[in-house]
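Residue-level structural notes
Each chain, letter by letter, is given below.
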Amino acid sequence: MYKIFPSKAAIWDAIAGNFFETDLCFTPSAGGELTSAASRLKETALGQHRLMLRARHGDSQMFDLIVLAAEGNWPSFRDHLKRLRAYVGELVATGIATEEFAPRNVDTAAACFCASVISLWDPRIIGALPSSQCELSALELASFAVSGLRQVHSVGDGSQMDSNAAPAPAYSRNSPPAKGGTGIPRDRSS
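In this report, the structure presented in the accompanying data block is examined. Computed from a predicted model, the values in this text were never measured in an experiment. (Residues numbered from 1 in each chain as written. Predicted model: local features only at pLDDT ≥ 70, side-chain atom pairs only at ≥ 80, totals over all residues. Heavy atoms only, no water.)

**Quick word on the overall build of the protein**
Rules: Under the DSSP-based scheme used, a helix requires at least four consecutive residues in state H or I and a strand at least two consecutive residues in state E, with every element numbered from the N terminus. We call a residue buried when its accessible area falls under 20% of the maximum for its residue type, exposed when it is over 50%, and partly exposed in between, using a 1.4 Å probe and counting protein chains only. Throughout, the Shrake-Rupley method with a 1.4 Å probe supplies accessible areas, and for residues the shown protein chains are the sole cover considered.
Looking only at helices and strands, the protein features nine helices and zero strands. In the protein, which comprises 190 residues, the proportion classed as buried is 32%. For the protein, the exposed surface amounts to about 12200 Å²; the carbon and sulfur share of it is 57%.

Structure follows, in structure tokens:
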């Protein structure tokens, strides 16, 4: 066995990698080309989450192994996240090409989307939550993450800004406080 694998850790990583590639590899439904990129992104986020829940409630020893892979940042876990990010990137690029999503850097948008839904995909988080909380907000979280990619309306100065976004404060973290002030905004409502 050690002629193929250099260590026991490499064996466990290979087993986890096989599980990530087979049991935790989300396959979109047939006819995905007919739906919007946003729908396919939401389907991917929720489908991957369901696979993690199935793993958690199915084979507890394998789920414990993938939690170890995530905790140890094993190559199998990193590769799994890379595959997810690459697929999300393809969907983001499709959404940008069809003008469903705002033009932006695809790699950055895919990484941000994945980071925003990581609580649905990370076995450490899924394993730590009570079963009753796992599915509760998955749809809302996926919908929220997808909405961040949609087209936004242009503001008069040509920049793109969400019309519901709050205006930026008149100071920045690096600017000095006003004379006699602390630089910390005060709540003046009371």
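**A few points about the nonpolar core**
Selection rule: What makes a nonpolar core is a set of buried Ala, Val, Leu, Ile, Met, Phe, Trp, Tyr and Cys residues whose side-chain atoms join them at distances within 4.5 Å. We call two residues contacting when some pair of their heavy atoms lies within 4.5 Å.
The biggest cluster of nonpolar side chains holds 23 residues, and the ones touching the most others in it are L41, V88, V92, F101, F113, W121 and L149. Breaking this core down by element, the ones donating at least two residues are helix 2 (37–57), helix 4 (75–97), helix 5 (106–116), helix 6 (118–121) and helix 9 (138–147). If sequence neighbours within four positions are ignored, V88 has contacts with L41, A110, F113, C114 and W121. Ranked by size, the runner-up nonpolar core spans 19 residues in total, among them L24, F26, M52 and V67.

**Comments concerning the packing of aromatic side chains**
Our working rule: Within 6.5 Å between ring centres, the rings of Phe, Tyr and Trp (the latter by its six-membered ring) count as paired, and their orientation is classed by plane angle as stacked under 30 degrees, edge-to-face over 60, tilted in between.
Under the criterion given, the structure shown has one aromatic pair. Relative to F77, the ring of F20 has its centre 5.9 Å away and its plane inclined at 50°; by these criteria the two rings are tilted. In this pair, F20 is assigned in helix 1 (residues 8–22) and F77 in helix 4, connecting sequence segments 57 residues apart. Accessibility assignment for this pair places F20 and F77 in one class, buried.

**Examining the pattern of salt bridges**
Opposite charge on two side chains makes pairing possible when the charged atoms of those side chains draw close. Short version of the rule: A side-chain nitrogen of Lys or Arg and a carboxyl oxygen of Asp or Glu constitute a salt bridge if their distance falls within 4 Å.
Going through the model one piece at a time under the given rule, you end up with three salt bridges. The shortest N-O distance in the salt bridge between E21 and R83 comes to 4.0 Å. With E21 in helix 1 and R83 in helix 4, this pair connects stretches of sequence that are 62 residues apart. The partly exposed category is assigned to R83, whose relative accessible area is 34%. Salt-bridge contacts for R150 lead to E100; the nearest nitrogen and oxygen are separated by 3.8 Å. Separated by 50 residues along the polypeptide, R150 in the segment after helix 9 and E100 in the loop between helix 4 and helix 5 bring together distant segments of the chain. You can call E100 buried: its relative accessible area is 18%.

**Quick look at unusual backbone geometry**
The phi torsion at N73 lies on the positive side, around 50°, for a residue other than glycine. Backbone geometry places E99, a non-glycine residue, at a positive phi of 60°. Of the residues examined, E99 reaches a relative accessible area of 61% and is grouped as exposed.

**Quick notes on the side chain of H80**
Counting through the fold element by element, H80 comes out in helix 4. Here H80 falls in the buried class, since its relative accessible area comes to 2%. In contact with H80, other than residues within four places in its own chain, are F20, L24, Q48 and M52.

**Examining helix 9**
Helical geometry note: an α-helix holds 3.6 residues per turn, so side chains three or four residues apart project in the same direction. Note the following rule: By construction, the arc corresponds to the directions joining the helix axis to the C-beta atoms.
Along helix 9, the residues classified as buried are A138, A142, A145 and V146. The arc enclosing the buried residues of helix 9, seen along the axis, measures out at 100°, which places them on a common side. Exposed residues lying more than 90 degrees from the buried face of helix 9 are E140 and F144.

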